[in-house]
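Results of the structural survey
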Amino acid sequence: MICEINANYYLPIDETSIPTGEILLVKGTPFDFTSPKTVGKDINSDNEQIKNGAGYDHCFVLNKKEEGELSFAAKITEPKSGRTMEVYTTEPGVQLYTDNWADGYKGQHGATFPRRSAICFEAQHFPDTPNHPYFPSVELRPGQQYTQKTVYKFGITK
């Protein structure tokens, strides 16, 4: 799978998968998906963050021109079939998760799903936001409404 994420920064996590509060550049790290690259290229790298997540389980800080805009977040491409999925969202972050804890669970029609047999893009605010006041706020006061929009666009490249 070839992945691209529209983010110059990500949130590092501790050994319990909770964000440390830092916001780090992706450039020069296994988290640099600013240009399309194979997901598996760095998934087993000798990197503390990869080890903490047992792969990718990190929130990426999306590049936004303005807060709340619907913009491109991520794209995944399966090179053999050409299948694609693009994600657009008004959320400030997207969590990349590579099914790191699966252990051969059973699916329909006898299918078995081993570790890292799936990939998820979860549009969201930053995890653990209430404990990091400089993260975008998730506070919702009485009478206020929360709205967001996330679009998953499926296609095929030729």
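Structure first, text after, so check above.
In this report, the structure presented in the accompanying data block is examined. (Residues numbered from 1 in each chain as written. Predicted model: local features only at pLDDT ≥ 70, side-chain atom pairs only at ≥ 80, totals over all residues. Heavy atoms only, no water.)

Overview of the overall build of the protein chain
The cut-off we apply is this: The secondary structure listing takes helices from DSSP runs of H or I that are at least 4 residues long and strands from runs of E that are at least 2 residues long, numbered from the N terminus. In this setup the radius of gyration rests on C-alpha atoms only. A globule is expected at 2.2 Å times the number of residues raised to 0.38. A contact between two residues is defined here by any heavy atoms of the two lying within 4.5 Å. Each accessible area is a Shrake-Rupley result for a 1.4 Å probe, and residues are judged covered by the shown protein chains and nothing else.
From N to C terminus, the protein chain includes 1 helix and 12 strands. Computed over C-alpha atoms, the radius of gyration of the protein chain comes to 16 Å, within 12% of the 15 Å expected from 2.2 N^0.38 for 158 residues, which places it in the range of a compact globule. Structurally, the protein chain occupies a C-alpha span of about 50 × 35 × 35 Å along its principal axes. Contacts in the protein chain between residues at least 24 apart in sequence constitute 64% of all its contacts with a sequence separation of at least 6. Accessible surface computed for the protein chain: about 9,500 Å², of which carbon and sulfur atoms make up 52%.

Remarks on the layout of surface pockets
Convention followed: Definitions used for this entry: grid spacing 1 Å over protein atoms alone; cavity, a set of points where a 1.4 Å probe fits but cannot get out; pocket, an open set with protein on both sides within 12 Å along at least 5 of 7 lines; lining residue, one with an atom within 4 Å of a point. Grid points are joined across faces, edges and corners, and a volume is the space filled by probe spheres set on the points. All residues other than Ala, Val, Leu, Ile, Met, Phe, Trp, Tyr, Cys, Pro, Asp, Glu, Lys and Arg, Gly among them, are scored as polar; the first ten of these are nonpolar and the last four charged.
Counted as a void, the largest pocket has a volume near 460 Å³. Contributing to the lining of the largest pocket are 20 residues, with Glu67, Pro92, His125, Pro136 and Ser137 lying nearest its centre. The class makeup of the residues in the lining of the largest pocket is 8 nonpolar, 7 polar and 5 charged.

Focus: the packing of aromatic side chains
Worth spelling out the cut-off: In this analysis, rings of Phe, Tyr and Trp, with Trp reduced to its six-membered ring, are considered paired at centre separations within 6.5 Å, and the interplanar angle assigns stacked below 30 degrees, edge-to-face beyond 60, and tilted for intermediate values. Whether a residue is buried, partly exposed or exposed follows from its accessible area with a 1.4 Å probe, protein chains only, as a fraction of its type maximum: under 20%, in between, or over 50%, in that order.
Enumeration according to the criterion identifies 9 aromatic pairs in this entry. Relative to Phe31, the ring of Tyr10 has its centre 4.2 Å away and its plane inclined at 10°; by these criteria the two rings are stacked. Remark: Phe31 occurs in the loop between strand 3 (24-25) and strand 4 (37-38) and Tyr10 occurs in strand 2 (residues 7-11); sequence separation between them is 21 residues. Across the pair, Phe31 and Tyr10 agree in class, each one buried. Seen from their ring centres, Tyr10 and Phe60 are 6.4 Å apart, and the 40° between their planes marks the pair as tilted. Of this pair, Tyr10 sits in strand 2 while Phe60 sits in strand 5 (residues 57-62), and the two are 50 residues apart along the sequence. Given a relative accessible area of 1%, Phe60 falls into the buried group.

Some points on the pairing of strand 8 (residues 93-97)
How we decide: Note: two strands are recorded as paired if DSSP finds a minimum of 2 bridges between them.
The element strand 8 is extensively covered by neighbouring structure, given that 5 of its 5 residues are classed as buried. The alternating pattern of strand 8 places Gly93, Gln95 and Tyr97 and Val94 and Leu96 on opposite faces, both of which are buried. One ladder, built from 5 bridges, connects strand 5 with strand 8; its direction is antiparallel. When the sheet's bridge partners are listed, Cys59 is paired in strand 8 with Gln95. The pairing of strand 8 with strand 11 (residues 120-124) spans 5 bridges and is classified as antiparallel. Within the sheet, the bridge partner assigned to Val94 lies in strand 11 and is Ala123.

Here's the deal with the side chain of Thr129
Position of Thr129 among the secondary structure elements: in the loop between strand 11 and strand 12 (150-156). Dropping the residues within four chain positions of it, Thr129 is found in contact with Phe135, Pro136, Ser137 and Val138.

A few points about the environment of Ser45
Topologically, Ser45 is positioned in the loop between strand 4 and helix 1 (48-53). You can call Ser45 partly exposed: its relative accessible area is 22%. Distance from Ser45 to Thr129, taken between C-alpha atoms, is 28 Å for residues 84 residues apart in sequence. When residues no more than four places from it in sequence are discounted, the contact partners of Ser45 are Pro30 and Ile50.

Limitation: the analysis is restricted to geometry and does not speak to function.
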